[in-house]
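# A look at the structure
As a plain string of letters, each chain reads:
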Amino acid sequence: MTQIGASLLEQLLGADGGYRGPRVDCGDGHSARFVGYRDKTITTVLGAITVRRGYYHCADCGHGVLPRDDELGVADASLSPGLRKITAVAAAAAPFAAASTLLAELAGIRLGTKRIERSAETDGAAAADRQTRESAAICQGEVTVLTPAEQPLPDKLYIAIDGTGVPMTAAAVAGRAGKGPDGRAHTREVKLAAVFTQTAVDDDGRPIRDPDSTSYVASFATVGDFAPLAAAEATRRGAERIRQLVVLGDGAAWIWNLATARWPHATPIVDLYHAREHLHALADLLTDPLGPDHDQWLQARLADLDTGDIEHLVTTTETLLPTLDPLLA
Ligand SMILES: [Zn+2]
């Protein structure tokens, strides 16, 4: 069935040989001269097809110009745009070898691991590059984000930021120092910002995230390069015009620094799970001054946290501080 499709597609595309007159613009303002026709094999969702394209040459730049490749979206690519999209989805969902199996089983498309890797990495790099340029333009005010008038802005907008180590293959972390006993890195930190709204509450009065309200940005970049990506995403969501902006984090310093620099008016909140983790760590540090009261103290502070009595949590902890550091007494 797909073979018939491929043959039909080939005939359909064959009706146009890609001749665009004796001369075309080379893209740099020169005139490129028609030389002849060149065939190219493109792998599509329906199978491999051969397409004829008019080939032009620019004497000034010294390179070839194939207008039809740009029209078909296959310049510097041997996979059709439709197949590249499917490949990118499969490669994002699974390792390249598994993605190859997925494509074969679900769509009957046979693509080697290397071709999947090349296609996904090329398109991924292009997408990341476009996002970086767009984000910089938004942050520098060169691009203004317009929100549709019929879509009222929410009262509150949440920006959750986190970073986590992602296990990597040895080749992907070659030359990077790590914390492991062998001194080599086995993971790389990916940073993520999720922007969402919560307008309803559940039966216990806890906020529920609005379905389909989350947009993400993720990157292996440094904090300095990640910050504009997160800031631009927040701006796209109308952060500048929101009454109450909330930044959720695990308490890591880089997140608060980023939040303070980008959204000084936002309310910073450590999410409950991480806050509980920090309390456990704090109780461990206070093992000596607490003595046998350790467990009871920890439970009481966790209860403070659950009821939102941060004032009591802080003052109770502070009474223990002189024992820790005489300078604070
Ligand atoms: Zn030229």
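Everything numeric here is computed off the predicted structure, so don't read it as measured data.

### Here we look at the coordination of the zinc ion
Each protein donor to the zinc ion is listed here as Cys 26 (SG), His 30 (ND1), Cys 58 (SG) and Cys 61 (SG); together their distances run 2.2 to 2.3 Å. What the four donor atoms of the zinc ion show is an angle range of 97 to 117 degrees at the metal, which sorts the shape as tetrahedral. Judged by relative accessible area, which is 28%, His 30 ranks as partly exposed.

### Considerations on the packing of aromatic side chains
For the structure on display, the rule yields five aromatic pairs. An angle of 70 degrees between the planes, with centres 5.3 Å apart, marks the rings of Phe 34 and Tyr 37 as edge-to-face. Since its relative accessible area comes to 39%, Tyr 37 is described here as partly exposed. Between Phe 34 and Tyr 56, the aromatic rings sit 5.3 Å apart at their centres with planes inclined by 65 degrees, giving edge-to-face as the arrangement. In this pair, Phe 34 sits in strand E2 (residues 31-44) while Tyr 56 sits in strand E3 (residues 47-57), placing the two residues 22 residues apart along the sequence. One aromatic cluster is present, built from ring pairs that chain together Tyr 19, Phe 34, Tyr 37 and Tyr 56. Cation over ring: Arg 38 sits above Tyr 55, and NZ or CZ is 4.4 Å from the ring centre. Note that Lys 191 overlies the ring of Trp 254, its terminal NZ or CZ placed 5.8 Å from the centroid.

### Observations regarding the sheet that holds strand E10 (residues 244-249)
One key point about sheets: their strands pair by backbone hydrogen bonds, in either a parallel or an antiparallel sense. Across the sheet, which stays open at both edges, the five strands sit in the order E9-E6-E5-E10-E11 with mixed pairing between neighbours. One side of each edge strand has no neighbouring strand; the edge strands of this open sheet are strand E9 (215-219) and strand E11 (267-270). Neighbour to neighbour, the strand axes of the sheet diverge by 20 degrees on average, direction disregarded. Sheet topology places strand E6 (residues 187-196) next to E9; five bridges connect them, and they run antiparallel. The partner of Val 195 across the bridge, within E9, is Ser 215. Docked against the sheet, helix H6 (residues 223-236) engages strand E5 (156-167), E6 and E9, running at close to 170 degrees with respect to E9. Each of E5, E6, E10 and E11 is contacted by helix H7 (residues 253-262), which is oriented at about 145 degrees to E5, the strand it contacts most.

### Regarding the domain arrangement of the protein chain
We note that the domain assignment places domain 1 (2-78), domain 2 (84-135), domain 3 (156-269) and domain 4 (274-328) within the protein chain. Computed from C-alpha coordinates alone, the two centres of domain 3 and domain 4 are separated by 28 Å.

About the cut-offs
- Residues numbered from 1 in each chain as written.
- Predicted model: local features only at pLDDT ≥ 70, side-chain atom pairs only at ≥ 80, totals over all residues.
- Heavy atoms only, no water.
- Donors = N, O, S within 2.8 Å, 3.2 Å for Na, K, Ca; no water.
- Tetrahedral: all angles 85-135°; square planar, octahedral: opposite > 155°, others 65-115°.
- Buried < 20%, exposed > 50% of the residue type's maximum accessible area, 1.4 Å probe, protein only.
- Phe/Tyr/Trp six-rings, centres within 6.5 Å; stacked < 30°, edge-to-face > 60°.
- Helix = DSSP H or I, 4+ residues; strand = E, 2+ residues; numbered from the N terminus.
- Lys NZ or Arg CZ within 6 Å of the ring centre and 35° of its normal.
- Pairing = 2+ DSSP bridges.
- Axes fitted to C-alpha atoms, helices over the stretch in contact; angles between N-to-C directions.
- Contact = heavy atoms within 4.5 Å.
- Domains from an automatic or database assignment.

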